[in-house]
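# Structural overview for review
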Amino acid sequence: MKDMIGYCELDCENCDAYIATVNDDNALREKTAKLWAELNNAPILPEHINCEGCRMNGAKTVFCEHMCEIRKCALNKGVSTCGDCPELDTCPTVRVIISNNPSALEKLKE
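The rules behind each value
Residues numbered from 1 in each chain as written. Predicted model: local features only at pLDDT ≥ 70, side-chain atom pairs only at ≥ 80, totals over all residues. Heavy atoms only, no water. Helix = DSSP H or I, 4+ residues; strand = E, 2+ residues; numbered from the N terminus. Buried < 20%, exposed > 50% of the residue type's maximum accessible area, 1.4 Å probe, protein only. Salt bridge = Lys/Arg side-chain N within 4 Å of Asp/Glu carboxyl O. Expected span 1.5 Å × (residues − 1). Arc of directions from axis to C-beta. Polar contact = N/O pair within 3.5 Å; in protein donor to acceptor, adjacent residues only side chain to side chain.

### Quick look at the environment of C68
By secondary structure assignment, the location of C68 is in the loop between α3 (62-67) and α4 (69-77). For C68, a relative accessible area of 13% corresponds to the buried category. Spatially, the C-alpha atoms of C68 and C8 are 10.0 Å apart, while their sequence positions differ by 60 residues.

Given below as structure tokens:
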């Protein structure tokens, strides 16, 4: 499995926070912060946009580090991704991601 796949099976390498971090791209941080603040109705600032990957050591966004229920659950259960969890098909937590990204369920089951 690719290390840059999140617990939810989204690809961290395609995440704007990751891309901004590895390229030290402040313009992308600003753009991402503005978008995420609007989408989440939260005070997200450019300096919050730093992440080296959900399952990697290093920087994480505040959401990924402290608020992501999927990440918390996977860490608590000791699974690599939600695809390794026997409760995948009935999990209300992962259902949120799947409802926004149906291809994630297929990837989780692979």
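Still to come is the rest of the account.
### With respect to the pattern of salt bridges
Opposite charge on two side chains allows them to pair when their charged atoms are near. Scanning the model with the defined rule gives three salt bridges in all. Among the ionic pairs, R29 bridges to D24, the shortest N-O distance being 3.0 Å.

### As for unusual backbone geometry
Notably, D24 is not glycine yet its phi reads approximately 45°, a positive angle. Assignment of secondary structure puts D24 in the loop between α1 (16-22) and α2 (26-40). Of note, the phi angle at N41 is positive, near 45°, even though the residue is not glycine.

### A short note on α2
Over its 15 residues, α2 runs 20 Å from end to end, which matches the ideal 21 Å to within 8%, given 1.5 Å per residue. Of the positions making up α2, those classed as buried are L28, R29, T32, A33 and A37. Down the axis of α2, the sector holding all buried residues measures 155°, keeping them to one side. Opposite the buried face of α2, by more than 90 degrees, sit the exposed residues A27, E30, K31, K34, E38 and L39. The opening residue of α2 is D25, an N-cap whose side-chain oxygen sits 3.1 Å from the backbone nitrogen of A27. Trailing α2 by a residue or two, N41 shows a phi angle of about 45°, which is positive.

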